[in-house]
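Listed below are the residues making up each chain.
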Amino acid sequence: MINKLTMLFAVAMAVFFLGGLATTLTRSMMIGFYDVLPVYIFMGIAIGMMLYEAYIETK
């Protein structure tokens, strides 16, 4: 039970960090949306992989 809670907390912290990192890049006046689009794609892939791995570990 404690392992599931720890994993859920760790995945949530990583998602918040990666989401904050991606949104911070788009707030710059010199960087456009299309410049940051690959970052969003890679962040989405990384978050998806983390969630999938956490789901497999809890099964």
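Quick look at the structure, then.

**A look at helix 2 (residues 33–58)**
End to end, helix 2 covers 36 Å across 26 residues, agreeing with the expected 38 Å (1.5 Å per residue, within 8%). When helix 2 is considered as a whole, its buried residues turn out to be Val-36, Met-43, Ile-47 and Ala-54. Those residues of helix 2 hidden inside the fold are in contact with helix 1 (2–26).

**Regarding the environment of Arg-27**
Summarising the element assignment, Arg-27 is placed in the loop between helix 1 and helix 2. Classification of Arg-27 by relative accessible area gives exposed; the value is 69%.

**Here we look at the environment of Ala-12**
Looking at where Ala-12 falls in the secondary structure, it is placed in helix 1. On a C-alpha basis, the gap between Ala-12 and Ile-47 in space is 9.7 Å, while along the polypeptide they are 35 residues apart.

**So, a nonpolar patch on the surface**
Residues Phe-33, Tyr-34, Leu-37, Ile-41, Phe-42, Ile-45 and Met-49 make up a contiguous nonpolar surface patch of roughly 810 Å² in combined accessible area. Here Leu-37 shows up in helix 2. A relative accessible area of 31% means that Leu-37 is categorised as partly exposed.

**A closer look at helix 1**
Here helix 1 spans 37 Å end to end across 25 residues, near enough to the 36 Å set by a 1.5 Å rise per residue. For helix 1, every residue scored as buried is listed here: Val-11, Leu-18 and Ala-22. Along its buried surface, helix 1 packs onto helix 2.

**What about the packing of helix 1 against helix 2?**
At a minimum axis distance of 10 Å, the contact between helix 1 and helix 2 shows a crossing angle of 175 degrees. When the interaxial angle is binned, helix 1 and helix 2 end up roughly antiparallel. On helix 2, the residues touching Lys-4, Met-7, Val-11, Ala-14, Val-15, Leu-18, Leu-21, Ala-22, Thr-23, Leu-25 and Thr-26 of helix 1 are Val-36, Val-39, Tyr-40, Met-43, Ala-46, Ile-47, Met-50, Leu-51, Ala-54, Glu-57 and Thr-58. In terms of residue class, the contact of helix 1 with helix 2 is made up of 17 nonpolar, three polar and two charged.

Reading the values: the criteria
- Here the residue numbers are simple positions, counted from 1 along each chain's written sequence.
- Restriction of local features to residues with pLDDT of at least 70 applies here, the model being predicted, together with a cutoff of 80 or more for giving and counting side-chain atom pairs; totals for whole chains, interfaces and linings are based on all residues.
- The side-chain quantities take in all heavy atoms of the structure and omit both hydrogens and water.
- Each helix corresponds to a stretch of at least 4 residues labelled H or I by DSSP, and each strand to a stretch of at least 2 residues labelled E; elements are numbered beginning at the N terminus.
- To estimate the expected span of a helix, subtract one from its residue number and multiply by 1.5 Å.
- Throughout this description, buried means an accessible area under 20% of the type-specific maximum (1.4 Å probe, protein chains only), exposed means over 50%, and partly exposed covers the range between.
- Residue contacts follow a heavy-atom distance rule, with two residues in contact if any of their heavy atoms lie within 4.5 Å.
- Each patch is built from residues lacking any salt bridge and having more than 30% relative accessible area; the joining distance is 9 Å for like charges and 5 Å for nonpolar side chains (Val, Leu, Ile, Met, Phe, Trp, Tyr).
- The accessible surface values rely on the Shrake-Rupley method and a 1.4 Å probe; as for residues, cover is taken only from the protein chains in view.
- Salt bridges are defined as contacts in which a side-chain nitrogen from Lys or Arg sits within 4 Å of a carboxyl oxygen from Asp or Glu.
- Angles run from 0 to 180 degrees between N-to-C directions of axes, and those axes are lines fitted to C-alpha atoms, restricted for helices to the stretch in contact.
- Throughout this description, any angle smaller than 35 degrees is read as roughly parallel, any larger than 145 degrees as roughly antiparallel, any in the 65 to 115 degree range as roughly perpendicular, and the remainder as oblique.
- Asp, Glu, Lys and Arg are counted as charged, while Ala, Val, Leu, Ile, Met, Phe, Trp, Tyr, Cys and Pro are counted as nonpolar; the rest, among them Gly, fall into the polar class.

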